[in-house]
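Listed below, chain by chain, are the residues.
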Amino acid sequence: MAIAKSDIPQDHWFYLGRQLTSVSGGRRALISWTATMFEYLMPLIVMRSYGDTLLNQTYQSIVSRQIEYGQERGVPWGVSESAYNARDIQLNYQYGPFGVPGLGLKRGLSEDLVVSPYSTMLAAMISPHSALENARRLMREGALGRYGFYESIDYTPERLPQGQKRAVIRNFMSHHQGMILVSLANILCDNAFQRRFHAEPLVSATELLLQERIPSNTPVAHPRAEEVMMGRVVRTLVSPVTRVYDSPALPTPRTQLLSNGTYSLMITTAGSGYSLCGPLAVTRWREDLTRDHWGSFCYVRDVRSGAVWSTGYQPTARMPQSYEVAFAEYKVQLSRRDAGIHLHRDHRRSGRQRRIAARFSHQSLVARARNQLTSYAEVVLASPAADAAHPAFSNLFIETEFIQAENSLLARRRPARKRQNRGAIHTVVVEGETVGAVQYETDRSRFLGRGRTALDPLAVTEDRPLSNTVGAVLDPIFSLRHRVRLQPNETARLTFTTAVTSSREEALVLADKYHDASTFEREEKLSWTQAQVEMRHLNVDPDEVHLFQRLASRVLYLDPSLRPHSTVLEMNTQTQSALWRYGISGDLPIVLVRTSEPEHLNMVRQIIRGHEYLRINGLAIDLVILNDRSSSYIESLQDELQRLIRASGSQALVDKPGGVYLRRSEAIPEPDRILLHAAARVVIVTERGALEDQLVRRPIEEDLKVFTPRWPSRSYRSRACRRRARVL
């Protein structure tokens, strides 16, 4: 029993157990707070049960009600305290008590549905045939692993990914496994542990207490007729919000950040973006608001017709018949349809690797289709700043190698003095019918061709075989090619993986690991779990996550709506070095927040929370908070702002790169304030409204000058033509 145990004296527990009885199926039984199988049936492990007693009837009633409840919910029966599908920041499963309505006094027991196999084994000492049948059903549900039954199965919809009916908690708890072993030993060995326990003189002297008969004149507590819902406040994890776009032609690129804390991805609606592993740029990317054509790509070529497109809109910029991009907290999905081929491309947060999974469905009436898929990514393996300063020089130190046994490309940067060896591996896994062997290329000039770009690479548009070039190439890339054959209504799946390594031996291990298709299934589940843990740790809801992602897109791609007016930018007369006196380097993107009233502290708190969220997802930002309130004897606003920063996760990064800078406006001269506004990529003034309203505000069109082209007169054009003719 577990009714507020801390509030009831220890010597009153047996008396309370005798008085708190209930009616279940016309039979009297003891009732507890949560009604878990653990509380009711654990005494049977070492203590005997006598017929026609209150305890024996309790055991029978509890098992009967558990079976009935499992049939009502359409799941295996056996509910008790166990781990469930929620994790802490260290990815440890959470643990909690669960029960059955009608058996427990606690309200809201029907809101959670977690079935634990060890409960079935405890019940086997009461009803062995029913327990055996339930164990078979648990096995069909996936609860049996290599080393025995797992901890539990969580059927609670709010804790499951979309489209999933259950989550198997694949861990083992020693005390639950011990209950399973002892229960089975009692069943198979004639109650061996009960006989040993009752052989103890202290136990045998008091075993008469177990033979208490069923009372006839004791007050009875009837279970409530209707279950009372309490709401899942503590254990429930909310589902992420999915943003859906049906076109890549947007005024500014929309982005989604995915990260596990080490490896970070940025994906745009056009299918471009970057890959970072800590401070290391894995692939080349440049900010380009108008074209947005940098990133890791995959080309598709129809061998029959010669048509070429890509898994996303970029880099071929070919409009499909239909196009859809879905951004969620743990994944990015791009879907398009071209020439009867339905293509899905997935990106998910994972370990030290980037994965592009392309799933093809052939839905035309052609007898068979052959498609050629070619990956493409420019290898960097250096900091983004070093690559932007001199990419040609940076490329000179990269060597490439093809590993035949793993069908993988390996790139290694020759280490400088006292620097760690850095490398990356690129591999492909095909689930479907392939034609021919894999081809590879690591020389960008050979792949693109003279005078061409990633828009129309020579190796793809003219169906030329890849040259299989490796070594110390001048401009290294990763490119693997496979050809797949599809029958009508058939689906094939190709997964291109790029992983960062520190040695050749580790690269071989990773290449072998990512050739196993089941690895990606486990990482898909882990990516959803990591997203849930992150939101729970930061105490943010899905709507706020969506808001922070929109803020990130404004930081990555300049948006005039969140920057000062052009007249303010023209007033700036200083350079970046003028920021150094305030401890701000200016090397990282700056988000400037101005506030002057205590009523806006909630908005400042939200922005600080968003800064921490973006930092965890791999986007380093200098958050500068300007206190515009005039100084006085009582600095209440300044004190509150400092308290907000200390209470946040950015406390250790105060006045450090990528952290929070709190400054007073009146202590900064006007020229420096103008410089700070000019250097900031996003300027937020709390008096202008909520953060969501400011992120969707567009610039005023009245101040924009309309360009009107003026064509030269016919006489001028004729004179210009005659002059060019004389020169020639």
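Criteria and thresholds
Residues numbered from 1 in each chain as written. Predicted model: local features only at pLDDT ≥ 70, side-chain atom pairs only at ≥ 80, totals over all residues. Heavy atoms only, no water. Phe/Tyr/Trp six-rings, centres within 6.5 Å; stacked < 30°, edge-to-face > 60°. Helix = DSSP H or I, 4+ residues; strand = E, 2+ residues; numbered from the N terminus. Expected span 1.5 Å × (residues − 1). Buried < 20%, exposed > 50% of the residue type's maximum accessible area, 1.4 Å probe, protein only. Arc of directions from axis to C-beta. Core = buried A, V, L, I, M, F, W, Y, C linked by side-chain atoms within 4.5 Å. Contact = heavy atoms within 4.5 Å. Salt bridge = Lys/Arg side-chain N within 4 Å of Asp/Glu carboxyl O. Patch = residues over 30% accessible without salt bridge, like charges linked within 9 Å, V, L, I, M, F, W, Y side chains within 5 Å. Areas by Shrake-Rupley, 256 points an atom, 1.4 Å probe, with all protein chains shown as cover. Lys, Arg positive; Asp, Glu negative; His and termini not counted. Charge placed at Lys NZ, Arg CZ, Asp CG, Glu CD. Pairing = 2+ DSSP bridges. Polar contact = N/O pair within 3.5 Å; in protein donor to acceptor, adjacent residues only side chain to side chain. Axes fitted to C-alpha atoms, helices over the stretch in contact; angles between N-to-C directions. Parallel < 35°, antiparallel > 145°, perpendicular 65-115°, else oblique. Left-handed = near helix turned anticlockwise from the far one by under 90°. pLDDT = per-residue confidence, 0-100.

Quick notes on the packing of aromatic side chains
Part 1: Counting across every chain of the model gives eleven aromatic pairs.
Part 2: With 5.5 Å between their ring centres and 85° between their planes, tyrosine 84 and phenylalanine 98 make a pair best called edge-to-face. One end of the pair, tyrosine 84, is in strand β3 (residues 82-87); the other, phenylalanine 98, is in the loop between β4 (93-96) and β5 (114-115), and 14 residues separate them in sequence.
Part 3: Relative to tyrosine 440, the ring of phenylalanine 402 has its centre 3.9 Å away and its plane inclined at 10°; by these criteria the two rings are stacked. A residue pair is termed long-range when its members are at least 10 positions apart, and phenylalanine 402 in strand β22 (residues 398-403) and tyrosine 440 in strand β25 (residues 433-443) qualify at 38 residues.

Notes on helix α5 (residues 128-140)
One turn of the α-helix equals 3.6 residues, which is why residues spaced by three or four share an orientation.
Part 1: Here α5 is 13 residues long and its end C-alpha atoms lie 19 Å apart, about the 18 Å a rise of 1.5 Å per residue gives.
Part 2: Within α5, burial applies to Ala131, Asn134, Ala135 and Leu138. Summarising the axial view, the buried residues of α5 lie within an arc of 110°, below the 170-degree limit, and thus occupy one face. For α5, exposure combined with an orientation more than 90 degrees from the buried face picks out His129 and Arg140.
Part 3: Where α5 terminates, the next one or two residues include glycine 142, which has phi positive at roughly 90°.

What to know about the nonpolar core
Part 1: Ranked by size, the top nonpolar core spans 43 residues in total, and within it Leu257, Tyr274, Leu614, Leu619, Leu623, Ile625 and Ile684 carry the most contacts.
Part 2: Beyond its immediate chain neighbours, meaning those up to four positions away, isoleucine 684 contacts Leu551, Leu592, Val593, Arg594, Met603, Ile607, Leu691 and Gln694.
Part 3: Among the nonpolar cores identified, the runner-up in size contains 41 residues, and Tyr59, Val79, Ala124 and Ala131 belong to it.

A closer look at the pattern of salt bridges
Part 1: In this structure the tally under the stated criterion is 31 salt bridges.
Part 2: A salt bridge links glutamate 287 to arginine 681; the shortest N-O distance between them is 2.8 Å. Pair noted here: glutamate 287 is in the loop between β14 (280-283) and β15 (297-302) and arginine 681 is in the loop between α19 (670-679) and β31 (682-685), with a separation of 394 residues, a long-range link.
Part 3: Exposure remark for arginine 681: the relative accessible area of 17% places this residue in the buried category.
Part 4: Salt bridges sharing common partners tie together Arg284, Arg286, Glu378, Asp387, Arg444 and Asp475.

Focus on a negative patch on the surface
Part 1: On the surface, Glu431, Asp512, Asp516 and Glu521 cluster together to form a negatively charged patch.
Part 2: Turning to its location among the elements, glutamate 431 is positioned in strand β24 (residues 422-431).
Part 3: Take glutamate 431: its relative accessible area is 36%, and that puts it in the partly exposed class.

So, unusual backbone geometry
Part 1: Omega for the bond connecting glutamine 314 with proline 315 falls within 30 degrees of zero, at 5°, which places this linkage in the cis form.
Part 2: Considering the arrangement of structural elements, one finds proline 315 in the loop between β16 (308-310) and β17 (322-327).
Part 3: Positioned with a positive phi, aspartate 52 is a non-glycine residue whose angle comes to about 60°.
Part 4: As for its placement among the helices and strands, aspartate 52 is situated in the loop between α2 (37-41) and α3 (54-73).
Part 5: Relative accessible area serves as the criterion here: at 68%, aspartate 52 is assigned to the exposed category.
Part 6: Positive phi outside glycine occurs at aspartate 655, with the angle close to 60°.

What to know about helix α13 (residues 504-513)
Part 1: Along α13, the residues that are buried comprise Glu506, Ala507, Leu510 and Ala511. Viewed end-on, α13 has its buried residues packed into an arc of 140°, placing them on one side of the element. Turned more than 90 degrees away from the buried face of α13 sit Glu505 and Val509, all of them exposed.
Part 2: Looking at the buried side of α13, the elements it contacts are β23 (408-413), β24 and β27 (490-501).

Points about the sheet that holds β5
Part 1: Across the sheet, three strands lie side by side as β5-β8-β9; this open sheet has antiparallel pairing. Two strands bound the open sheet, and with one partner strand each, they are β5 and β9 (167-169).
Part 2: Of the pairings in the sheet, the one linking β5 to strand β8 (residues 152-154) comprises two bridges and is antiparallel in character. Across the sheet, valine 115 pairs through a bridge with isoleucine 153, a residue of β8.

Describing the pairing of β23
Part 1: Among the six residues of β23, five are classified as buried, and the element is accordingly described as predominantly covered.
Part 2: In this sheet, β23 lies alongside β22 in antiparallel orientation, the contact comprising six bridges. For phenylalanine 402, the partnering residue across the bridge sits in β23 and is leucine 409.
Part 3: Between β22 and β23, which pair antiparallel and follow one another directly, the connecting turn spans four residues, one of which, asparagine 407, has a positive phi of 50°.

Some remarks on the side chain of histidine 347
Part 1: Turning to its location among the elements, histidine 347 is positioned in strand β19 (residues 341-348).
Part 2: Looking at histidine 347, its side chain comes within polar contact range of the side chain of arginine 345, at 2.7 Å.

Observations concerning the side chain of glutamine 256
Part 1: Mapping glutamine 256 onto the fold places it in strand β11 (residues 255-259).
Part 2: Accessibility expressed as a relative area gives 2% for glutamine 256, which makes it buried.
Part 3: Among residues more than four places away in sequence, those in contact with glutamine 256 are Arg243, Leu265, Met266, Ile267, Phe327, Ala328, Glu329, Val332 and Gln549.

Considerations on the environment of arginine 254
Part 1: Locating arginine 254 in the fold gives a position in the loop between β10 (243-245) and β11.
Part 2: Placed 296 residues apart in sequence, arginine 254 and arginine 550 show a C-alpha to C-alpha distance of 7.4 Å.
Part 3: In contact with arginine 254, other than residues within four places in its own chain, are Tyr245, Ile267, Thr268, Thr269 and Phe327.
Part 4: A distance of 2.7 Å separates a polar side-chain atom of arginine 254 from the backbone oxygen of threonine 252.

Regarding the packing of helix α17 (residues 601-616) against helix α18 (residues 636-647)
Working note: a packed helix pair is described by the angle between its axes plus the distance between those axes.
Part 1: Between α17 and α18, the shortest axis-to-axis distance is 10 Å and the interhelical angle comes to 30°. Comparing their axes, α18 and α17 come out roughly parallel. Like other packed secondary-structure pairs, α17 and α18 cross with a definite hand, here right-handed. Between α17 and α18, the residues in contact are Leu601, Val604, Arg605 and Ile608 and Leu637, Glu640, Leu641, Leu644 and Ile645, respectively.

Considerations on the confidence of the model for the protein chain
Part 1: Predicted confidence across the protein chain gives a mean pLDDT of 84, with 84% of residues reaching 70 or more.
Part 2: Long-range and interchain partners of residues 724-728, a stretch whose pLDDT sits below 50, account for zero contacts in this model, where long-range means more than four residues apart.

Notes on the sheet that holds strand β30 (residues 660-664)
Strand pairs in the sheet, formed through backbone hydrogen bonds, run parallel or antiparallel to each other.
Part 1: Pairing in this open sheet of four strands is parallel, and the strands run β30-β29-β28-β31 from one edge to the other. The two strands at the open ends of the sheet, each matched to only one other strand, are β30 and β31. Strand-to-strand twist across the sheet, computed as the mean angle between neighbouring axes with direction ignored, equals 20°.
Part 2: Pairing analysis gives six bridges linking strand β28 (residues 590-595) to strand β29 (residues 622-627), with the strands arranged parallel.

A closer look at the pairing of strand β26 (residues 476-486)
Working note: regular strand, side chains alternate between the two faces of the sheet.
Part 1: Most of β26 sits out of view: ten of its eleven residues are buried.
Part 2: As paired elements, β25 and β26 share seven bridges and run antiparallel to each other. Across the sheet, residue glutamine 439 finds its bridge partner in β26, namely arginine 481.

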